[in-house]
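One letter stands for each residue in the lines below.
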Amino acid sequence: MRVYILDDEPVVRAGLRQMLSTDPKLEIVGEEATARAAFRDPELRRSDVVITDVALPGMDGVAATRELKRRMPRVAVVVFTVYHSMRDLLDAFEAGASAYVVKTDPLETLWAALRAVESGERFVSPWLAPLIERRTHDLIDVLDRLSVREREIFQLLATGKSIVETAREYCISRKTVETHVHRLYRKLGCHNVGDLVRFAAGHGLLRIGPFEARRPRTLWAQEDLAGRVEAEGG
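Note that this is a predicted model, so its numbers are computed, not measured.

Draft legend 1. Representation of the environment of K187. Structurally, K187 can be placed in helix 9 (residues 174-188). For K187, a relative accessible area of 24% gives the class partly exposed. Along the primary structure K187 and R145 are separated by 42 residues, whereas in three dimensions their C-alpha atoms are 7.1 Å apart.

Draft legend 2. Spotlight on the confidence of the model for the chain. Mean pLDDT over the chain: 81, with 80% of residues reaching 70 or higher. Per-residue pLDDT stays below 50 along residues 207-234; that stretch engages in 62 contacts with residues further than four places along the chain or on separate chains.

Draft legend 3. Quick look at the pairing of strand 1 (residues 2-6). In terms of burial, strand 1 is largely enclosed, as four of its five residues are buried. The β-α-β motif built from strand 1, the intervening helix 1 (residues 10-20) and the parallel element strand 2 (residues 27-32) has right-handed crossover chirality. Strand direction decides the pairing type here: strand 1 and strand 3 (residues 49-52), joined by four bridges, are parallel. Counted as the bridge partner of I5 is I51 from strand 3.

Scoring rules and cut-offs
Residues numbered from 1 in each chain as written. Predicted model: local features only at pLDDT ≥ 70, side-chain atom pairs only at ≥ 80, totals over all residues. Heavy atoms only, no water. Helix = DSSP H or I, 4+ residues; strand = E, 2+ residues; numbered from the N terminus. Buried < 20%, exposed > 50% of the residue type's maximum accessible area, 1.4 Å probe, protein only. pLDDT = per-residue confidence, 0-100. Contact = heavy atoms within 4.5 Å. Right-handed = clockwise from strand over helix to strand, strands pointing away. Pairing = 2+ DSSP bridges.

Set out below in structure tokens:
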């Protein structure tokens, strides 16, 4: 397996080189401190796996992951970072990452991530799996209270549409939209459209496509991810 290291900290790159060089099955094909420099490096094209941080100068790790997957769909991206907020994790997987490992984890966790992506599986630091599962189930419970039309209106409002534009989109009256909006406020614990936007942003719902009839597509990915980690002994 050919590995490319993308991290702006020389100490981290050196540590990863030393660690990975102990496995004869791994080949380090290159390294860079920034995504833009890596994209200019012809060795990047030889890699099977790219290990990257979230925080990179210039183009951040999430944007770099998205661009890597666009240019090299078969490459696996392992995010190796100190950041462990749910927002960062969901952004990384939404961009196409295959694994998410926190730098404070034991080194065995990174080895496990590499083995997982080599087998075409997803991986997340085991201690994050229960948080993902709990957050997913809580959000599913909340969204299951919404009707299909309420979900549709929530999606439009959360992505910047006004009540008038939403009414025009569904060929219904403004008063009907306002009725749905007040139901959304009550069910989601919001008081205004700004609260709806913050709710959507805080739960990773802003960059997905339209809501499905029952659950957002992103939630299925989260459930699958949590299940995989739990099955692997996380």
